[in-house]
Amino acid sequence: MSRPSGDDGLRDRFREVMAGVPTPVSVVTSLDGDRPHGTTVSAFVSLSMAPPMVLVALDRGSDLLAVVGRTDRFGLNILGSDQAALATAFARKGGSLKFAGVPWETADGVPRLLGARGFLGCTVAQPVDGGDHVVLLGDVRVADPGSGRPLTYYSRDFGTHVALDAVRP
Ligand SMILES: Cc1cc2nc3c(=O)[nH]c(=O)nc-3n(C[C@H](O)[C@H](O)[C@H](O)COP(=O)(O)O)c2cc1C
């Protein structure tokens, strides 16, 4: 069966549907020698419990993807609601310059951002073709839950999760 090209307005409608899907916001990191790289990512989801696995989708043009391709390791720094500025900074190009003024340490061979809402250290189990993205299936080696409210992305804005009980009149 032929695949949809997405050039008949489908792509725009798809984008609108996805803008209505709330996502977590994370910074995926890796080390190129001693230089840290990081990229803001919303396409991240838990995949398997036994063994613990996640999946992350990275654009083929991502500089971080090239680094992970060499190291086979990545960190997932799950951002908190007070870290929208970090999400914006890591959504730019700039290699290790993106880390200027950002406190971080090396954990399990990857950069860990201090103050993030949670941290996972992963090795690449398998890269999978996903159209203009590459899906990284990752084995979780380190999992460190943090605390505080998560940073979310919905309708092209940053926000957070609020329990229904808190918003019911
Ligand atoms: C909220 C938000 C979510 C994003 N999610 C993704 C994502 O899931 N995958 C991706 O490849 N890029 C995503 N991006 C875009 C990258 O962060 C951006 O293209 C970045 O400049 C890539 O940097 P790099 O080339 O250093 O890897 C997102 C950007 C924002 C603001």
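Use the structure listed above.
Residues numbered from 1 in each chain as written. Predicted model: local features only at pLDDT ≥ 70, side-chain atom pairs only at ≥ 80, totals over all residues. Heavy atoms only, no water.

1. A look at the packing of aromatic side chains
Now for step 1: Within this structure, the stated rule accounts for 3 aromatic pairs.
Now for step 2: Judged by centre distance (5.7 Å) and plane angle (70°), the ring pair of Phe99 and Trp104 falls under edge-to-face.
Now for step 3: Trp104 sits in the partly exposed class, given a relative accessible area of 29%.
Now for step 4: Ring plane angle 50° and centroid distance 5.1 Å describe the contact between Tyr153 and Phe158, whose orientation is recorded as tilted.
Now for step 5: A residue is classified by how much of its surface remains accessible, and Tyr153, at 31% relative accessible area, is partly exposed.
Now for step 6: The class for Phe158 is partly exposed, based on a relative accessible area of 35%. (Phe/Tyr/Trp six-rings, centres within 6.5 Å; stacked < 30°, edge-to-face > 60°. Buried < 20%, exposed > 50% of the residue type's maximum accessible area, 1.4 Å probe, protein only.)

2. Some words on the sheet that holds strand S5 (residues 52-59)
Now for step 1: With antiparallel pairing, the 7 strands of this open sheet are ordered in space as S3-S2-S6-S9-S10-S5-S4. Strands at the two margins of the open sheet, each flanked by one partner only, are strand S3 (35-41) and strand S4 (44-49). Each neighbouring strand pair of the sheet contributes to a mean axis angle of 35°, computed without reference to strand direction.
Now for step 2: Pairing geometry for S4 and S5, over 5 bridges, is antiparallel. Its bridge partner lying in S5, Met49 is registered against Pro52.
Now for step 3: Each of strand S2 (26-32), S3, S5, strand S6 (73-78), strand S9 (118-130) and strand S10 (133-145) is contacted by helix H2 (residues 63-71), which is oriented at about 55° to S2, the strand it contacts most. (Pairing = 2+ DSSP bridges. Helix = DSSP H or I, 4+ residues; strand = E, 2+ residues; numbered from the N terminus. Axes fitted to C-alpha atoms, helices over the stretch in contact; angles between N-to-C directions. Contact = heavy atoms within 4.5 Å.)

3. What about the nonpolar core?
Now for step 1: Phe44, Val56, Phe74, Leu76 and Leu136 are the most contacted members of the largest nonpolar core, which has 17 residues in total.
Now for step 2: Listed by contribution, the elements that provide at least two residues to this core are S5, H2, S6, S9 and S10.
Now for step 3: Other than its neighbours up to four places away in sequence, Phe44 contacts Pro24, Ser26, Val54, Leu55, Val56, Leu76, Ile78 and Leu120.
Now for step 4: Counting residues in hydrophobic clusters, the runner-up holds 10 residues, among them Val27, Ala87, Phe90 and Phe99. (Core = buried A, V, L, I, M, F, W, Y, C linked by side-chain atoms within 4.5 Å.)

4. Side note on the environment of Val41
Now for step 1: In this structure, Val41 sits in strand S3.
Now for step 2: Sequence spacing of Val41 and Pro24 is 17 residues, and the spatial spacing of their C-alpha atoms is 8.4 Å.
Now for step 3: Setting aside residues no more than four positions away along its own chain, Val41 makes contact with Pro24, Val25, Ser26, Val28, Val56 and Leu58.

5. A short note on the side chain of Thr152
Now for step 1: Assignment of secondary structure puts Thr152 in strand S11 (residues 152-154).
Now for step 2: At a separation of 3.1 Å, a polar atom in the side chain of Thr152 contacts the main-chain amide nitrogen of Thr160.
Now for step 3: Once residues lying within four places of it in the same chain are set aside, the contact partners of Thr152 are Thr23, Val25, Asp157, Phe158, Gly159, Thr160 and His161. (Polar contact = N/O pair within 3.5 Å; in protein donor to acceptor, adjacent residues only side chain to side chain.)

6. Overview of unusual backbone geometry
Now for step 1: Cis rather than trans, the peptide bond between Ala50 and Pro51 has omega equal to 5°.
Now for step 2: Structurally, the position occupied by Pro51 is in the loop between S4 and S5.
Now for step 3: One non-glycine residue with positive phi stands out, namely Asp108, at about 50°.
Now for step 4: When you line up the elements, Asp108 lands in the loop between strand S7 (104-107) and strand S8 (110-113).
Now for step 5: Using a relative accessible area of 27% as the deciding quantity, one classes Asp108 as partly exposed.
Now for step 6: Backbone geometry places Arg156, a non-glycine residue, at a positive phi of 65°.
Now for step 7: In this structure, Arg156 sits in the loop between S11 and strand S12 (157-159).

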